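Chain by chain, the residues run as shown.
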Amino acid sequence: MAYETIIVDIEDDIALIQLNRPDALNAINSKVVEELAAALAAADVNDKVRAVVLTGSEKAFAAGADIREMSEKSFVEMFTEDFFGPLNEAFLKFRKPVIAAVSGYALGGGCELALMCDFIIAADNAKFGQPEINLGVVAGIGGTQRLTRLVGKSKSMDMHLTGRFMDATEAERSGLVSRVVPAIKLMPEAMAAAKKIAEKSQVAVMVVKEAVNRSYETTLREGLLFERRVFHALFATEDQKEGMQAFLEKREPQFRDR
Ligand code: DAK
């Protein structure tokens, strides 16, 4: 499918989705939302896709929601159009792993888009921020919730209230990103991580994603029970037998997603 605002390239089990609005620093408008949701839905049903890497440009992962598009909107328009709602839903529904490869600005909705991914690999030039306060609004697609869970109340309040940017070093120290690499190595690193995931049993990969995400939704006791039960359930798969047998035979496992 041809898209206007994103580029999708599927190769070697990985879907690489690149935001492509360079003139607006990849600001997220309705078309981006529509196309990202469509690309994820397509990747979900495509057996050739085992992991997704989402990226932007060197200068900007995404500089936020498109201020030009939303500046004149009324409450009724925002509400009835459910502005940005479909993007959140598309990520919540998507069961394969998504890695955000962030270079440059990830601000406002751009930071929140990265936070919707399963983990973030950042280039050393990455800058994260929730500067909506400077526009007289507040984060609207997860910033006050997801960022707070990752970096804690104090730092989240600081980011949302002052609108300051966080560099890659601080982002890694705070638990916002999983690793920081030199900008030139960002895409090889993200693609290699996706490739590594693609080699695993897809059933186990999807279970990991569900179990980790469950930790945000439930009590520790319920989460531990959920984890134990899915661990038990994986013993019904051929991949569990193959994985453990391969270890005992000192060879690489051949997973078949069964
Ligand atoms: N929207 C539209 N255009 C943007 C943009 C944005 N967010 N960010 C940058 N651009 C455009 C600029 O207008 C400029 O366009 P031209 O003037 O050349 O036509 C071009 O990109 C280059 O930007 P600059 O000239 O400003 O580049 P600089 O290097 O000088 O500065 C910057 C880079 C990233 C520091 C600066 O552009 C900047 O501060 N951008 C705005 C960052 C920002 O405030 N982001 C938060 C946006 S508010 C919701 C869910 C989510 C949201 C809202 C509602 N619901 C569920 C209801 C999210 C809100 C936001 O994200």
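Keep in mind that what you see is a predicted model, and the values were worked out from it rather than measured.

> Got a sec to walk through the pattern of salt bridges? Specific residues and values, please.
Taken as a whole and judged by the stated rule, the model has 14 salt bridges. Two residues, arginine 21 and aspartate 66, come together in a salt bridge whose shortest N-O distance is 2.8 Å. Of this pair, arginine 21 sits in the loop between β2 (14-19) and α1 (30-45) while aspartate 66 sits in the loop between β4 (60-62) and α2 (67-70); the two residues are 45 residues apart in sequence, bridging distant segments of the chain. Residue class for aspartate 66 comes out buried when judged on its relative accessible area of 8%. Across the salt bridge formed by arginine 256 and glutamate 238, the nearest N and O atoms sit 3.7 Å from each other.

> Tell me about the side chain of threonine 5, and please be specific about residues and values.
Within the element layout of this structure, threonine 5 appears in the segment before β1 (6-11). In this structure threonine 5 touches Gln18, Leu19, Asn20, Arg21, Asn29, Lys31, Val32 and Glu35, once residues within four positions along its chain are discounted.

> Break down the site of the ligand for me, citing the residues and quoting the values.
Of all residues adjacent to the ligand, which total 23 residues, the nearest are Lys59, Ala63, Ala65, Ile67 and Gly109. Lysine 59 is positioned such that a nitrogen or oxygen atom in its side chain is 2.7 Å from an oxygen atom of the ligand. Interatomic distance of 2.7 Å between a backbone N/O atom of alanine 65 and an oxygen atom of the ligand. Starting from 1,100 Å² of accessible surface for the ligand in isolation, the protein chains cover 65%. For the shell around the ligand, the secondary-structure elements that each account for two or more residues are α2 and β6 (105-107). Broken down by element, the shell around the ligand gets its largest block of residues, three residues, from α2.

> I'd like a description of the environment of serine 156, backed by residues and values.
Tracing the backbone through its elements, the reader meets serine 156 in helix α7 (residues 153-162). Remark: the alpha-carbon pair of serine 156 and glutamine 130, spanning 26 residues in sequence, is separated by 9.0 Å.

> Outline the packing of aromatic side chains, supporting the account with residue identities and numerical values.
Scanning the model with the defined rule gives four aromatic pairs in all. Here phenylalanine 75 and phenylalanine 79 contribute two aromatic rings whose centre-to-centre distance is 5.5 Å and whose plane-to-plane angle is 20 degrees, an arrangement assigned as stacked. On the criterion of helical spacing, the pair formed by phenylalanine 75 and phenylalanine 79 is a turn pair, its members being four residues apart in helix α3 (residues 75-81). Residue class for phenylalanine 75 comes out exposed when judged on its relative accessible area of 61%. Aromatic side chains tyrosine 105 and phenylalanine 165 sit 6.1 Å apart centroid to centroid with 70 degrees between the ring planes, which places their arrangement in the edge-to-face category. Here tyrosine 105 is found in strand β6, whereas its partner phenylalanine 165 is found in strand β9 (residues 165-167), with 60 residues between them in sequence. Under the relative-accessibility criterion, phenylalanine 165 is labelled partly exposed at 37%. Looking at lysine 127, its charged tip hangs above the ring of tyrosine 105, at a distance of 5.5 Å from the centre. Lying over the aromatic face of phenylalanine 226, arginine 214 brings its terminal NZ or CZ to 4.3 Å of the ring centre.

Reading guide: rules and limits
Residues numbered from 1 in each chain as written. Predicted model: local features only at pLDDT ≥ 70, side-chain atom pairs only at ≥ 80, totals over all residues. Heavy atoms only, no water. Salt bridge = Lys/Arg side-chain N within 4 Å of Asp/Glu carboxyl O. Helix = DSSP H or I, 4+ residues; strand = E, 2+ residues; numbered from the N terminus. Buried < 20%, exposed > 50% of the residue type's maximum accessible area, 1.4 Å probe, protein only. Contact = heavy atoms within 4.5 Å. Near = heavy atom within 4 Å. Polar contact = N/O pair within 3.5 Å; in protein donor to acceptor, adjacent residues only side chain to side chain. Areas by Shrake-Rupley, 256 points an atom, 1.4 Å probe, with all protein chains shown as cover. Phe/Tyr/Trp six-rings, centres within 6.5 Å; stacked < 30°, edge-to-face > 60°. Lys NZ or Arg CZ within 6 Å of the ring centre and 35° of its normal.

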